[in-house]
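Observations on the three-dimensional arrangement
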Amino acid sequence: MGDARRVGILISGRGSNMRALVEKAEGYEVVLIASNKPEAGGLEWARSRKLATWGTDSKGLGKEKFDRELSATLDDHGVGTVALAGFMRILSPWFVEQWRGRIVNIHPSLLPKYRGLDTHARAIAAGDTAGGCSVHLVTEELDAGEVLGQIEVPIAPEDTAQSLEQRVLAAEHLLYPRVLGEFVNR
Ligand code: GRF
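A brief look at the structure comes next. (Residues numbered from 1 in each chain as written. Predicted model: local features only at pLDDT ≥ 70, side-chain atom pairs only at ≥ 80, totals over all residues. Heavy atoms only, no water.)

Describing the site of the ligand
Lining the immediate environment of the ligand, one finds Arg14, Gly15, Ser16, Asn17, Gly86, Ile106, Pro108 and Glu172. Interatomic distance of 3.0 Å between a backbone N/O atom of Ile106 and a nitrogen atom of the ligand. Calculation on the ligand without its partners gives an accessible area of 370 Å², and the protein chains cover 85% of this total. Taken together, the residues that form the shell around the ligand break down as 2 nonpolar, 4 polar and 2 charged. (Near = heavy atom within 4 Å. Polar contact = N/O pair within 3.5 Å; in protein donor to acceptor, adjacent residues only side chain to side chain. Areas by Shrake-Rupley, 256 points an atom, 1.4 Å probe, with all protein chains shown as cover. Nonpolar A, V, L, I, M, F, W, Y, C, P; charged D, E, K, R; others polar.)

What follows is the structure in structure tokens.
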């Protein structure tokens, strides 16, 4: 089992949280960026920073085959903690079992509210006065693992899902590096 402070980040897209985790790394080291989308913008950035990357299209591979290759790659790099950052793929029960207690995710709501997608629109539609973001442990159930840290972001009457998303994203970039640093050194 790898040292908990050796972090592998999984992305599917632009990777702004991945960048925050790399740039504000304190108490941990990012040793691999992996993606199920070889064309993910975040991989390009990671390569430009000379970070180790792995991009394999999950389409076509069976779910568990992809997850087994991913897990082996994480092991090869001595990863001890897996940080999901906009990873838009449900991990198989096999992977979750393999990495139990060592996978964290960032979610753009104040969990347990609004698991899943469209969190900001749902918070506004409900008339909530605050939204926010949560870092949580990953289990088999979507966005349902133990919450490790949150930041609350006030919702203004004129907010749209887009304006709220921008402010919550800025909060995510503060929250995730801090909580990950605490988690791997707990
Ligand atoms: C973020 O809103 C994160 O909370 C959610 O997916 C989005 C990823 O954005 N899980 P980025 O790729 O980190 O910019």
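Right, picking up where we left off after that structure.
Notes on the packing of helix α1 (residues 16-23) against helix α6 (residues 161-184)
Two elements in contact, α1 and α6, have axes whose closest approach is 9 Å; the angle formed by their N-to-C orientations is 45 degrees. It follows that α1 is oblique to α6 by the angle criterion. In terms of crossing hand, the pair formed by α1 and α6 is right-handed. In this structure, α1 contributes Ser16, Asn17, Ala20 and Leu21 to the contact, and α6 contributes Leu169, Glu172, His173, Tyr176, Pro177 and Leu180. For the contact of α1 with α6, a count of residues per class yields 6 nonpolar, 3 polar and 1 charged. (Axes fitted to C-alpha atoms, helices over the stretch in contact; angles between N-to-C directions. Helix = DSSP H or I, 4+ residues; strand = E, 2+ residues; numbered from the N terminus. Parallel < 35°, antiparallel > 145°, perpendicular 65-115°, else oblique. Left-handed = near helix turned anticlockwise from the far one by under 90°. Contact = heavy atoms within 4.5 Å.)

Quick notes on the packing of aromatic side chains
Throughout the structure, instances matching the rule amount to 2 aromatic pairs. Taken together, a centroid distance of 5.6 Å and an interplanar angle of 50 degrees make the contact between Trp54 and Phe66 tilted. In this pair, Trp54 sits in strand β3 (residues 53-55) while Phe66 sits in helix α3 (residues 63-76), placing the two residues 12 residues apart along the sequence. You'll find Trp54 and Phe66 in the same group, each marked buried. In this structure, Arg186 packs its charged tip against the face of Phe183, placed 3.9 Å from the ring centre. (Phe/Tyr/Trp six-rings, centres within 6.5 Å; stacked < 30°, edge-to-face > 60°. Buried < 20%, exposed > 50% of the residue type's maximum accessible area, 1.4 Å probe, protein only. Lys NZ or Arg CZ within 6 Å of the ring centre and 35° of its normal.)

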